[in-house]
Amino acid sequence: MKSVPFFNYPHVFRSYEEQFKKAFHDVGNRGAFIMQSDLVEFEKSIAEYVGVKYALGVANATDGLQMGMMAGGIGPGDEVIFCSHTMVATASAIHFAGGIPVPIETGPDHLIDIDSIEAAITSKTKAICPTQLNGRTANMDAIREIAVKHGLLIFEDAAQALGSKFKGKCAGTFGVASCISLYPAKILGCLGDGGLVLTNDDSVYEKLHQMRDHGRGHDGDVHMWGLNSRLDNLQAAFLNVQFKDYPAVTSRRRQLASLYQDRLSRIEQLSLPVAPDADPDHFDVFQNYEIEAENRDELKIYLAEKGIGTLIQWGGKAVHQFTKLGFNQKLPKTESLFKKMIMIPMNMSMTDEDLHYVCDSIESFYAN
Ligand SMILES: *Cc1c(COP(=O)(O)O)cnc(C)c1O
């Protein structure tokens with residue numbers, strides 16, 4: 001039977017295997033494992049590509065966001081507003097920075113619901129942290145306007161959004177600090193865990209530079225309490241190999257999204273993401289292709305029987321539904337979206353033929 005996996009990890013490895021081996025031998029023979037030239041090169045390439053002053057490699061995006069918040073001014077008791085349709089990591093970064101995560105509703109584009117932000121603002125609110133989900137950047141004009149009006153900071157969970165733009169500016173450049181994830185299934189994924197923290201602010205950068213490395217400064221002295229959260233130099237070397245193809249990768253993803261749009265837009269039981277180029281303010285990179293589908297659970301089973309992998313983001317629960325973490329909000333818009341949302345294959349391993357097979361199968365499900 002034909003199979004279209006949701007994500008094909010071995011395929012990613014095999015498509016770069018020879019270059020990875022070279023990088024492995026090269027790094028190994030130089031003994032260059034921690035904070036060496038490959039990491040510096042990678043950080044430079046990312047900062048240039050994103051159009052941000054500083055990019056720092058860290059152990060993972062969650063640490064990056066947490067440290068970004070710590071360096072950027074979040075402390076004990078500060079409330080930070082975020083969208084409940086995100087990874088729990090957004091909330092845990094706020095929590096471990098000392099803040100109080102305040103989840104709010106999800107808008108029609110599956111990102112933070114701009115109209116719900118102001119109602120969540122209290123005297124303790126310190127920041128808004130939109131998640132630039134599925135490779136799309138939120139309406140940052142609207143968020144900035146609210147932030148300025150209420151004197152709030154902005155942080156971005158841009159874990160899924162490397163290269164995604166709003167009005168020509170990349171995700172990760174709007175906030176005091178933001179994170180990018182390099183987890184293997186992310187658009188730019190290494191062979192393990194990895195992440196980046198981005199900032200345009202010199203003093204936040206200085207703090208982050210120390211914070212990720214035990215509080216040590218360029219002089220080797222300890223200047224502050226720090227973490228051990230560095231991106232391995234070997235991973236940076238693998239990432240340098242893959243990053244050369246990044247523009248081609250984002251074009252291919254946008255092409256797949258256009259094909260999905262052409263094939264699926266006439267199925268009335270579905271609601272699709274905004275098509276690439278449909279909205280000139282947004283340049284989406286399609287980390288995921290997340291649709292809303294009637295009879296979602298049956299569709300998922302049907303597609304699995306056809307060998308097609310799908311995924312319901314975050315195991316089917318919004319962050320505010322993790323009640324063991326102390327959340328008690330009711331977010332009806334988000335809860336109703338969570339009954340319909342499902343992600344269909346969107347990755348660099350799939351062919352056009354694979355995509356048409358996915359679409360044929362979805363069509364035949366609703367035709368019955
Ligand atoms: C993947 C992801 C994270 C976590 O990234 P790690 O690098 O695994 O820490 C955080 N937020 C969102 C929205 C993500 O998709």
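Residues numbered from 1 in each chain as written. Predicted model: local features only at pLDDT ≥ 70, side-chain atom pairs only at ≥ 80, totals over all residues. Heavy atoms only, no water.

Observations concerning the overall build of the protein chain
What counts, and what does not: Numbering of helices and strands runs from the N terminus, with a helix taken as a DSSP run of H or I at least four residues long and a strand as a DSSP run of E at least two residues long. When accessible area is computed with a 1.4 Å probe and restricted to protein chains, residues below 20% of their type maximum are described as buried, those above 50% as exposed, and intermediate ones as partly exposed. Whether two residues are in contact is decided by their heavy atoms, any of which lying within 4.5 Å being enough. Reported accessibility uses the Shrake-Rupley method at a 1.4 Å probe radius. Residues are deemed covered only where the shown protein chains occlude them. Charge convention: Lys and Arg are scored as positive, Asp and Glu as negative, and His as well as the terminal groups of each chain are ignored. In plain terms, the charge of a residue is placed at NZ if it is Lys, CZ if Arg, CG if Asp and CD if Glu.
A count of helical and extended segments in the protein chain gives twelve helices and 13 strands. Along the three orthogonal principal directions, the C-alpha set of the protein chain runs to about 70 × 55 × 40 Å. Within the protein chain, buried positions represent 56% of all 368 residues. Taking the contacts inside the protein chain whose residues are at least 6 apart along the sequence as the reference set, 70% of them involve residues at least 24 apart. Just so you have it, the protein chain exposes about 15800 Å², and 53% of that area is on carbon and sulfur atoms. Measuring between centres, the 35 positive side-chain charges of the protein chain sit 2 Å from its 46 negative side-chain charges.

Examining the site of the ligand
Note the threshold: We call a residue near a molecule or strand whenever a single non-hydrogen atom of that residue lies within 4 Å of it. Pairs of N or O atoms are called polar contacts if they sit within 3.5 Å, as long as, within protein, a hydrogen donor faces a hydrogen acceptor (for residues adjacent in sequence, only side-chain-to-side-chain pairs). The nonpolar class holds Ala, Val, Leu, Ile, Met, Phe, Trp, Tyr, Cys and Pro. Asp, Glu, Lys and Arg form the charged class, and all remaining residues, Gly among them, are polar.
Looking at the ligand, there are 14 residues lining it, with Thr62, Asp157, Gln160, Ser181 and Lys186 nearest. Between the ligand and the protein, one listed contact pairs an oxygen atom with a side-chain N or O atom of Thr62 at 2.5 Å. Ser181 is positioned such that a nitrogen or oxygen atom in its side chain is 2.7 Å from an oxygen atom of the ligand. Calculation on the ligand without its partners gives an accessible area of 380 Å², and the protein chains cover 93% of this total. Here the residues of the shell around the ligand are counted per class, giving five nonpolar, seven polar and two charged.

A closer look at the sheet that holds strand S6 (residues 165-166)
Worth spelling out the cut-off: Should DSSP find at least two bridges between two strands, the strands are regarded as paired.
In spatial order, the strands read S7-S6-S11; together these three strands make up an open sheet with antiparallel pairing. The sheet is open, and its two edges are formed by strand S7 (169-170) and strand S11 (282-283), each paired on a single side. For S6 and S7, the ladder comprises two bridges, and the chain directions are antiparallel. Among the inter-strand pairings, Lys165 is bridged to a residue of S7, identified as Cys170.

Section: the pairing of strand S13 (residues 341-344)
Working note: regular strand, side chains alternate between the two faces of the sheet. Both faces of S13 are covered, namely the face carrying Met341 and Met343 and the face carrying Ile342 and Ile344. With four bridges joining them, strand S12 (residues 289-293) and S13 adopt antiparallel strand pairing. Looking across to S13, one finds that Ile291 is bridged to Ile342.

As for the packing of aromatic side chains
To be explicit about the condition: Each pair of aromatic rings taken from Phe, Tyr and Trp, with Trp reduced to its six-membered ring, is defined by centres within 6.5 Å and is described as stacked if the planes are under 30 degrees apart, edge-to-face if over 60, and tilted in the remaining cases. Should the NZ of a Lys or the CZ of an Arg lie within 6 Å of a ring centre and within 35 degrees of the ring normal, that charge is described as sitting over the ring.
Taken as a whole and judged by the stated rule, the model has 14 aromatic pairs. An aromatic cluster is defined as three or more aromatic residues linked by ring pairs; in this entry it consists of Phe13, Tyr16, Phe20 and Phe238. Across the ring face of Phe283, the terminal group of Lys165 is positioned such that the distance to the ring centre comes to 5.1 Å.

A closer look at the side chain of Thr199
Inspection of the secondary structure puts Thr199 in strand S9 (residues 195-199). In this structure Thr199 comes out as buried when scored by relative accessible area, which is 2%. Reaching out from Thr199, the side chain makes a polar contact with the backbone oxygen of Val176 at a distance of 2.7 Å. Within the structure, the side chain of Thr199 is placed 3.1 Å from the backbone nitrogen of Asp201, a separation counted as a polar contact. Non-local contacts of Thr199, meaning those with residues more than four positions away in its chain, are made with Val52, Lys53, Tyr54, Val176, Ala177, Val204, Tyr205 and Leu208.

Considerations on the nonpolar core
Our working rule: For the purposes of this section, nonpolar cores are sets of buried Ala, Val, Leu, Ile, Met, Phe, Trp, Tyr and Cys residues that join through side-chain atoms within 4.5 Å.
Within the largest apolar cluster, 29 residues are counted, with the highest numbers of intra-cluster contacts made by Met69, Ile74, Val80, Phe155 and Leu208. Breaking this core down by element, the ones donating at least two residues are strand S1 (54-58), helix H4 (61-72), strand S2 (79-83), helix H5 (88-96), strand S4 (125-129), strand S8 (177-181) and helix H7 (202-211). Here this core takes five residues from H4, the largest share from any one element. Membership of the second largest hydrophobic core comes to 28 residues, among which are Ile308, Ile344, Met350 and Cys359.

A closer look at the domain arrangement of the protein chain
Test applied: All the domain ranges listed were derived from an automatic or database domain assignment. By buried area we mean how much accessible surface two parts lose on assembly, using a 1.4 Å probe and totalling the loss over both. Whenever Lys or Arg places a side-chain nitrogen within 4 Å of a carboxyl oxygen from Asp or Glu, that contact is recorded as a salt bridge.
Here the domain parsing of the protein chain yields domain 1 (9-243) and domain 2 (246-367). Taken over C-alpha atoms, the centre of domain 1 sits 24 Å from the centre of domain 2. Every contact between the two is made by 39 residues of domain 1 and, on the other side, 37 residues of domain 2. Of the roughly 3100 Å² buried between domain 1 and domain 2 on both sides combined, carbon and sulfur atoms contribute 55%. Among the residues domain 1 hides against domain 2, the three largest losses belong to Glu105, Arg136 and Ile187. Together they make up 21% of the total. Counting every contact that joins domain 1 to domain 2 gives two salt bridges. Between Arg136 and Asp284 there is a salt bridge, with its nearest N and O atoms 2.8 Å apart.

Some remarks on the pattern of salt bridges
One pass over the structure, following the stated rule, counts 23 salt bridges. With its nearest N and O atoms 4.0 Å apart, the salt bridge here joins Asp141 to Arg144. Here Asp141 and its partner Arg144 are both found in helix H6 (residues 140-150), three residues apart, which amounts to about one turn of the helix. Relative accessible area serves as the criterion here: at 31%, Asp141 is assigned to the partly exposed category. Arg144 sits in the partly exposed class, given a relative accessible area of 34%. Between Asp277 and Arg254 there is a salt bridge, with its nearest N and O atoms 2.8 Å apart. With Asp277 in the loop between strand S10 (270-271) and S11 and Arg254 in helix H9 (residues 246-264), the pair connects residues that are 23 residues apart, well separated along the chain. For Asp277, a relative accessible area of 65% translates into the label exposed. Connected through salt bridges with shared partners, the residues Arg263, Arg266, Asp360 and Glu363 form a single ionic network.

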